[in-house]
Amino acid sequence: MHLAIRRSYFALLMNRNVPFELCRKQCLPSFCSVLSFRSSTTISQRSAYMTSSHATEQTGLLKLPVPTLAETAQKYLKTVAPLLNNDEFNETKKIVEQFQRESEPLQELLVKRAETEENWLSKWWLDKTYLEWRLNLPIFYNPALIFPRQSYKNFNGQIEFAANFIHGVLRYRAMIDNDQLPIDRFGNDPLCMDQYKKLIGTCRIPAKRIDRLHLYNKSSHHHVAVFYQNNIYRLPVYDKQGNPLTAEAIYNHLKKLSESKETNDQAKLLGHLTADERQHFAPIYEQLSSIPENKELFDTINDSVLVLCLDDHYQTSIEGTSKKDIQSLVGYNFLHGGGTKYNTANRWFDKTLQLIVGPDGYSGFNYEHSMAEGGMITALVDHALDYCKVAKPLVQTDQSSLLNKCRVIIPKEVEQSILESEKRVNKFVQNCDIIVYKYKGYGKQFAKENKLSIDAIIQVSLQVAYFRMHGKCGATYESGSLRRYHLGRTETIRSCTLEAQKFAQAMAEQHNETSNNAKYTLFLNAIQAHRQYTADAINAKGIDRHLLGLKLIAMENNLPKPALYDHLSYKRVMHFTLSTSQVGAKHDCVMIFGPAVDDGYGCCYNPRNDSINYMITAFKINNGGTNVEQLSNHFNHSLTDIRQLIEANSTKSIKSKL
């Protein structure tokens, strides 16, 4: 089984067929870090908008450079060192020397590509990492985002929140269309804003070999697709003059659902097809979409502003796991829907924007990842949630509803394929375990007071937690942003450094052989190593995208790939047992995604001022001994131990709140 963006990338690199732009000042002196997950509260947004000056700044963005072979070779050895024994490392040094010689013609071709392309990586990244992916989108690919719990308690409150959120999205769309979004900046430097224009209306379309995209058109997308009790409705959200409807108007149109006599027709389930493997979904989609009577249905979904999923229940227990708290149970619902018994058929995972509004105040997002990083998603979510907070109570009127149910024709010869898909999907979603947790020991403020990076503290804590639990280090993926460059996406920050390994070993000692002062020195070394790798990654000097480019340029030109790609060290360094990202959101959210490998973990976190929201995922089958509850416990203890270490050795530490 293959997993996530990281797994797609890993599979590509291994000859087998990725959560938000955070641009924020780190608390380390004279250093700024751009992580792939963006916090709207900390990103530097100047009072400059996307006007003619914006266009000038955007056209002036640097092109993505190609690192030198020497840089990548040197960094590769440092990256792989914690994962190898001495004999393996000595052998790897020889293969890396060979790699530099074998890669010289490939490097020349890659440099030429960089000279002629807008971004030498972007087309490859979209096609190879996303659209050629043939396995499932939920868990593996689509992240979910849990919003702060809302105050509504009934269906009326549910659709009121949905109406306000949708209206907030329409307001945000107007800012995008009218070039009024503030420019995201890294210090004084503008960041690429291209991804914002790809959020609204985009939808992925399944195909046999490589999927295609239904892209945003400024003059289109005038409705939302509403999924309710597995039925699909079309709701216009603009009037005939192209003006957005008010939240109150949207609310009153949605009220028709409470009066609907429609039943949950199990014989016509469709949404779960988007959770199936792409090679299974593509032929079914082709058959269904070729039927003229189904054109309105697929136009409703593909051309919608977003998909609104209104859920009336969700799973309250998970078979084969320990008792779950409500946040974790809600996480299952937003990540994959819980199977067709619950809400997986009430989804359309191919849609970029999928708003999920559940009962009892629980709401969130699930988004298809092809066109944008999560930072653009959280910016939109923050804007819409801000609007919801100040929105006035909506009043029911007697207006006639524009809500229309879409008809679907399913031929007899397709029914069996849909039933088989349902069985596969239900089995698939049962394999993922999740824990969602709020660590209350400290957060960003503590790091700031001690002039440390909260991201680095969290990453080092994860290394300690993993080492304590598994007795070894594992390759770690953390997303770093390349938006300083035109059409830039991400580069890998590799948090499993030699310095982090030494610190983890010291913290895992049973008899505390290493003194606290020595541990603190090791801790600062690990923090500094993470700082340095982050700086390299966001300045396009990481190893991962360069190694990918060299391999792909060899494939395109029918040239032999260097022997490194088949070497033990390469397999090990690309086996991401920890797949991590920071989601720094303005609101009290947490993002969820699956692990990158069967025996690995997914871990996403949102540092707050005095707490850290995080989630951990793992698989239940063939998982190599992973366990989300145990890793969570180790992570909590590691965070606390590190705080105590800082307080014992730093004269500037704030008083403990533990």
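Scroll up to find the structure.
Residues numbered from 1 in each chain as written. Predicted model: local features only at pLDDT ≥ 70, side-chain atom pairs only at ≥ 80, totals over all residues. Heavy atoms only, no water.

Peer 1: Which residues make up the packing of helix 16 (residues 454-470) against helix 18 (residues 516-538), and what are the values?
Peer 2: One way to put it is that helix 16 packs onto helix 18 with a least axis distance of 9 Å and a crossing angle of 115°. By the criterion of interaxial angle, the relationship of helix 16 to helix 18 is roughly perpendicular. Note that helix 16 runs across helix 18; the crossing there is right-handed. Facing helix 16, whose interface residues are Asp455, Ala456, Ile457, Gln459 and Val460, helix 18 presents Phe523, Ala526, Ile527 and His530. Of the residues that constitute the contact of helix 16 with helix 18, the class distribution is 6 nonpolar, 2 polar and 1 charged. (Axes fitted to C-alpha atoms, helices over the stretch in contact; angles between N-to-C directions. Helix = DSSP H or I, 4+ residues; strand = E, 2+ residues; numbered from the N terminus. Parallel < 35°, antiparallel > 145°, perpendicular 65-115°, else oblique. Left-handed = near helix turned anticlockwise from the far one by under 90°. Contact = heavy atoms within 4.5 Å. Nonpolar A, V, L, I, M, F, W, Y, C, P; charged D, E, K, R; others polar.)

Peer 1: Which residues make up the sheet that holds strand 19 (residues 590-592), and what values go with them?
Peer 2: Reading across from one edge, 14-10-9-11-12-13-4-19 is the order of the 8 strands in this open sheet, with mixed pairing throughout. Each edge of the sheet is formed by a strand with only one pairing partner; in this case those strands are strand 14 (404-405) and strand 19. Inspection of the sheet shows strand 4 (residues 144-146) paired to strand 13 (residues 363-366) by 3 bridges, in the antiparallel sense. From the neighbouring strand, leucine 145 faces strand 13, where its bridge partner is phenylalanine 365. Across the face of the sheet, helix 7 (residues 155-177) comes into contact with strand 9 (223-228), strand 11 (307-310), strand 12 (354-357) and strand 13 while running at roughly 155° to strand 12. In the packing of helix 11 (residues 295-302) onto the sheet, contacts are made with strand 9, strand 10 (231-236) and strand 11, and the angle to strand 10 comes to roughly 65°. (Pairing = 2+ DSSP bridges.)

Peer 1: Describe the pattern of salt bridges, with residues and values.
Peer 2: Summed over the entire model, instances satisfying the criterion amount to 29 salt bridges. Measuring nitrogen to oxygen at the nearest pair gives 2.7 Å for the salt bridge that ties aspartate 311 to arginine 347. You can see aspartate 311 sitting in the loop between strand 11 and helix 12 (326-335) and its partner arginine 347 sitting in the loop between helix 12 and strand 12, a full 36 residues away along the chain. Overall, aspartate 311 belongs to the buried group, its relative accessible area being 1%. Judged by its relative accessible area of 0%, arginine 347 falls in the buried class. Three or more residues are tied together by salt bridges with common partners; here these are Arg134, Arg204, Asp211, Arg278, Asp350 and Glu368. (Salt bridge = Lys/Arg side-chain N within 4 Å of Asp/Glu carboxyl O. Buried < 20%, exposed > 50% of the residue type's maximum accessible area, 1.4 Å probe, protein only.)

Peer 1: Break down the packing of aromatic side chains for me, with residues and values.
Peer 2: One pass over the structure, following the stated rule, counts 29 aromatic pairs. Aromatic pair phenylalanine 99 and tyrosine 565: ring centres 6.5 Å apart, planes at 70°, arrangement edge-to-face. A residue pair is termed long-range when its members are at least 10 positions apart, and phenylalanine 99 in helix 4 (residues 86-102) and tyrosine 565 in the loop between helix 19 (544-556) and helix 20 (568-573) qualify at 466 residues. By relative accessible area, phenylalanine 99 is classed as buried at 2%. Of the residues examined, tyrosine 565 reaches a relative accessible area of 2% and is grouped as buried. The interplanar angle of 55° and the centroid separation of 5.5 Å between the aromatic rings of tyrosine 130 and tyrosine 141 together place this pair among those described as tilted. Placement of tyrosine 130 in helix 6 (residues 122-131) and of tyrosine 141 in the loop between helix 6 and strand 4 is noted, with a sequence separation of 11 residues between them. Residue tyrosine 130 is classed as buried on the basis of its relative accessible area, which comes to 1%. In this structure tyrosine 141 comes out as buried when scored by relative accessible area, which is 1%. (Phe/Tyr/Trp six-rings, centres within 6.5 Å; stacked < 30°, edge-to-face > 60°.)

Peer 1: Which residues make up the pairing of strand 11, and what values do they have?
Peer 2: Looking down a regular strand, the side chains alternate between one sheet face and the other. Residues Val307 and Cys309 line one face of strand 11 and the alternating positions Leu308 and Leu310 line the opposite face, and both faces are buried. Of the pairings in the sheet, the one linking strand 9 to strand 11 comprises 4 bridges and is parallel in character. Following the sheet pairing, phenylalanine 227 is matched in strand 11 by cysteine 309. Note that strand 11 and strand 12 share 4 bridges and pair parallel. Each residue of the ladder has a partner; that of leucine 310, found in strand 12, is valine 357.

Peer 1: How would you explain the pairing of strand 21 (residues 612-619) if you had to name every residue and give the values?
Peer 2: Counting buried residues along strand 21, 8 of its 8 residues qualify, which places the element largely inside the surrounding structure. Burial along strand 21 is two-sided: the residues Ile612, Tyr614, Ile616 and Ala618 and Asn613, Met615, Thr617 and Phe619 are all buried. In this structure, strand 15 (residues 432-439) lies alongside strand 21, joined through 8 bridges in antiparallel fashion. When the bridges of strand 21 are listed, valine 436 appears paired with methionine 615. Summarising the sheet, strand 20 (residues 601-607) and strand 21 pair through 6 bridges and their orientation is antiparallel. Paired with glycine 602 across the two strands is threonine 617, which belongs to strand 21. Count of turn residues in the strand 20/strand 21 antiparallel hairpin: 4 residues.

Peer 1: Break down the side chain of asparagine 636 for me, with residues and values.
Peer 2: Mapped onto the fold, asparagine 636 is located in helix 21 (residues 628-649). We classify asparagine 636 as buried; its relative accessible area is 9%. Within the structure, asparagine 636 has its side chain in polar contact with the side chain of tyrosine 614 (distance 2.8 Å). Discounting chain neighbours no more than four positions away, the residues touching asparagine 636 are Tyr437, Tyr439 and Tyr614. (Polar contact = N/O pair within 3.5 Å; in protein donor to acceptor, adjacent residues only side chain to side chain.)

Peer 1: Explain the environment of aspartate 641 to me, and be specific about the residues and the numbers.
Peer 2: Note on placement: aspartate 641 falls in helix 21. Spatially, the C-alpha atom of aspartate 641 lies 10.0 Å from that of valine 464, the residues being 177 residues apart in sequence. When neighbours within four sequence positions are excluded, aspartate 641 is seen to be in contact with Arg468 and Met507. Engagement of the side chain of aspartate 641 in a polar contact is seen with the side chain of arginine 468, the distance being 2.9 Å.

Peer 1: Please set out the packing of helix 3 (residues 69-80) against helix 4 residue by residue, giving values where relevant.
Peer 2: Relative orientation of the contacting elements helix 3 and helix 4 amounts to 165°, with a least axis distance of 10 Å. In terms of orientation, helix 3 lies roughly antiparallel with respect to helix 4. Of the two elements, helix 3 crosses helix 4, and the hand of that crossing is right-handed. Contact residues: Leu69, Ala70, Ala73, Tyr76, Leu77 and Val80 in helix 3; Phe89, Thr92, Lys93, Val96, Phe99 and Gln100 in helix 4.

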